[in-house]
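Survey of secondary and tertiary structure
The primary structure of each chain is shown beneath.
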Amino acid sequence: MHDLITRNLCILGSTGSIGMNTLDVVRAHRDQFKVSALTAGRQIERLAEQCLEFRPKIAAVHSATDARTLKELLEGKGLSIAVHHGEAGLITAVSESDCDTVMAAIVGAAGLLPTLRAAELGKRVLLANKESLVMSGDIFMNAAIRGGAELLPIDSEHNAIFQCLPPHFTSPKNTSRMKEHLGVEEIWLTASGGPFRNTPIDQLANITPDQACAHPNWVMGRKISVDSATMMNKGLEVIEAHWLFGLPLEQIKVLIHPESVVHSMVRYRDGSVMAQLGQPDMRTPIAFGLAWPNRIDAGVAPLNLTQLSGLHFTEPDLLRFPCLGLAFTAARQGGTSPTVLNAANEIAVAAFLEGRLPYLKIAQAVEFALNQLPSQKAGSLDEVLTVDREARLKTSDWITRQ
């Protein structure tokens, strides 16, 4: 057991499911964690309640209008908290709040720049924003290495892989490259298969947003729930794993595991398979990242193996889950293709949730964008962001023509 120290937290996306689960763990361990900054999109009243409870130094929101609203709410409660907005506000929360640990829980490309800034500043980065690595893996990992950042994966699958690696590897300073001498042959990312894993393919055309967001095992936000249904989420996780663990794509496999009890596995050269098991509750990987290298109570019920009827694993059907196949294609192409993949998917999923695009056309929209924007070398962050904007425009135009 290492000595416990008090960590100062900046939570990017504190009103989302990961952010609220993080605060739930913090609430149970107030002697170990202090909240220095909280940021949110548009859930201003919830953020105000969090500020009242945790008293951060800085809060940041989406727009200037929201910032004024939040400031009025806080002043009405007698709180003097610096309120910022926009992208600059997120970066201010990371860089000026005296935090040493950043929970990167903003969904989508919006989380890239503040998460990258945290890496550059050498913070402990609890990475729940997979898009940072999907869009700019090489740039992000090099920034983390130069800045001396600690990088701890929070996605349940990558967190499980991290826990299954040998102790001498699981220093976050070493997560930029897998070491060949560890004898790792493959990593297996498990996926629930979402709500439609058994739905006849000919019945998927009329899927509604509410149906797609009704995940059988996990409680998540609407965008990530749709990504789980299409298995794009797992495709993004494959790309993330490639950068986190330095393995080639052919050594990263996906398995459908409906019970969501085995969160991922590592297969070693000697025939051993190491797995991390637990309840499908994000507080477990969150608590692991917050307290690493120690372990603290996450508030999660113990796993009772005697109550499990069985554990099942199958290979994914790419006809049912074309988005997973597109993610592997983008990953193999490399360069800016993963950026295009992510941007097109964000636009398509938003259109689906707004009722402007049928479920089955999400994959078609992503494929269109990948075909329209061939891969090029991602030499700088500006180039990545330019490709991101172009992919969003092309995908939006395609959707309006449907």
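Use the structure listed above.
Read on for an overview of the structure. Owing to the predicted nature of the structure, the values given are computational and were not obtained by experimental measurement.

The rules we used
- Residues numbered from 1 in each chain as written.
- Predicted model: local features only at pLDDT ≥ 70, side-chain atom pairs only at ≥ 80, totals over all residues.
- Heavy atoms only, no water.
- Helix = DSSP H or I, 4+ residues; strand = E, 2+ residues; numbered from the N terminus.
- Rg over C-alpha atoms; globule rule 2.2 N^0.38 Å.
- Buried < 20%, exposed > 50% of the residue type's maximum accessible area, 1.4 Å probe, protein only.
- Contact = heavy atoms within 4.5 Å.
- Areas by Shrake-Rupley, 256 points an atom, 1.4 Å probe, with all protein chains shown as cover.
- Lys, Arg positive; Asp, Glu negative; His and termini not counted.
- Charge placed at Lys NZ, Arg CZ, Asp CG, Glu CD.
- Patch = residues over 30% accessible without salt bridge, like charges linked within 9 Å, V, L, I, M, F, W, Y side chains within 5 Å.
- Salt bridge = Lys/Arg side-chain N within 4 Å of Asp/Glu carboxyl O.
- Expected span 1.5 Å × (residues − 1).
- Phe/Tyr/Trp six-rings, centres within 6.5 Å; stacked < 30°, edge-to-face > 60°.

This brings us to the overall build of the chain. For the chain, the helix and strand inventory stands at 15 helices and 11 strands. For the chain, whose C-alpha radius of gyration is 20 Å, the value lies close to the compact-globule estimate of 21 Å for 402 residues. Projected onto the principal axes, the alpha-carbon positions of the chain cover approximately 55 × 55 × 45 Å. Looking at the chain as a whole, 57% of its 402 residues qualify as buried. Considering only contacts in the chain between residues 6 or more positions apart, those separated by 24 or more positions represent 70%. By element, 50% of the accessible surface of the chain is carried by carbon and sulfur atoms, the whole surface being about 17000 Å². Each charge class in the chain was averaged separately, 37 positive and 42 negative side chains, and the resulting centres sit 2 Å apart.

Inspection of the secondary structure assignment puts H29 in the loop between α1 (17–28) and β2 (33–39). Looking at H29, the relative accessible area reads 11%, which means it is buried. Excluding its chain neighbours within four sequence positions, the residues that come into contact with H29 are I296 and D297.

Taken together, L277, L305, L311 and F313 make up a surface patch of nonpolar side chains, about 330 Å² in accessible area. By secondary structure assignment, the location of L311 is in the loop between α11 (283–291) and α12 (322–333).

Moving on, we come to α12. Helix length check: α12 (12 residues) gives 17 Å between terminal C-alpha atoms against 16 Å at 1.5 Å per residue, within 8%. Three or more residues of α12 are buried, namely C323, L324, G325, L326, A327, F328, A330 and A331. Taken together, the buried residues of α12 touch α9 (222–230), α10 (232–245), β9 (252–256), α13 (337–353) and α14 (361–372). Backbone geometry just after α12 places G334 at a positive phi near 70°.

For the structure shown, the criterion picks out 5 aromatic pairs. For the ring pair F162 and F288, a centre distance of 6.1 Å and an interplane angle of 75° mean the geometry is edge-to-face. With F162 in helix α7 (residues 156–164) and F288 in helix α11, this residue pair connects regions lying 126 residues apart in the sequence. Comparing F162 with F288 shows no difference in burial state: the two are buried. Ring pairing ties together the aromatic residues F162, F288 and W292, which thus form one cluster.

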